[in-house]
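Topology and contacts: notes
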Amino acid sequence: MKDKVKILAMFLLLLSMSQLAMANCGTTDYSGSSGKLYDMVVYVVAMCSLTVQLLYAIAAVLSIYSATSIYIKL
């Protein structure tokens, strides 16, 4: 009985390994058009420009605060 269980387990292991080998795990689908890539680039560039503008605004507020603090201490 134990031999049959071992043989069945090995068969199922080999079957599952062959199924994993046939699966498309980790592959990239390039069937989409380059328009999707362009849309992604436009989105990333837009977010980068908005992030830079936000950082400029924060830097402006901090510089005004620092300048005021230094002026008061003088």
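In short, a report on the structure. Here the structure is a predicted model, which means the values were calculated and not measured.

Parameters at a glance
- Residues numbered from 1 in each chain as written.
- Predicted model: local features only at pLDDT ≥ 70, side-chain atom pairs only at ≥ 80, totals over all residues.
- Heavy atoms only, no water.
- Helix = DSSP H or I, 4+ residues; strand = E, 2+ residues; numbered from the N terminus.
- Buried < 20%, exposed > 50% of the residue type's maximum accessible area, 1.4 Å probe, protein only.
- Areas by Shrake-Rupley, 256 points an atom, 1.4 Å probe, with all protein chains shown as cover.
- Patch = residues over 30% accessible without salt bridge, like charges linked within 9 Å, V, L, I, M, F, W, Y side chains within 5 Å.
- Salt bridge = Lys/Arg side-chain N within 4 Å of Asp/Glu carboxyl O.

1. Describing the overall build of the chain
Looking only at helices and strands, one finds 2 helices and 0 strands in the chain. When burial is assessed residue by residue, the chain has 0% of its 74 residues classed as buried. Carbon and sulfur atoms make up 73% of the accessible area of the chain, which totals about 7,300 Å².

2. Some details on a nonpolar patch on the surface
Together, Leu 37, Met 40, Val 41, Tyr 43, Val 44, Val 45, Met 47 and Leu 50 make up a nonpolar patch on the protein surface, roughly 740 Å² of accessible area in all. Structurally, Tyr 43 is set in helix 2 (residues 34-73). Since its relative accessible area comes to 54%, Tyr 43 is described here as exposed.

By themselves, these figures tell us nothing about what the structure is for.
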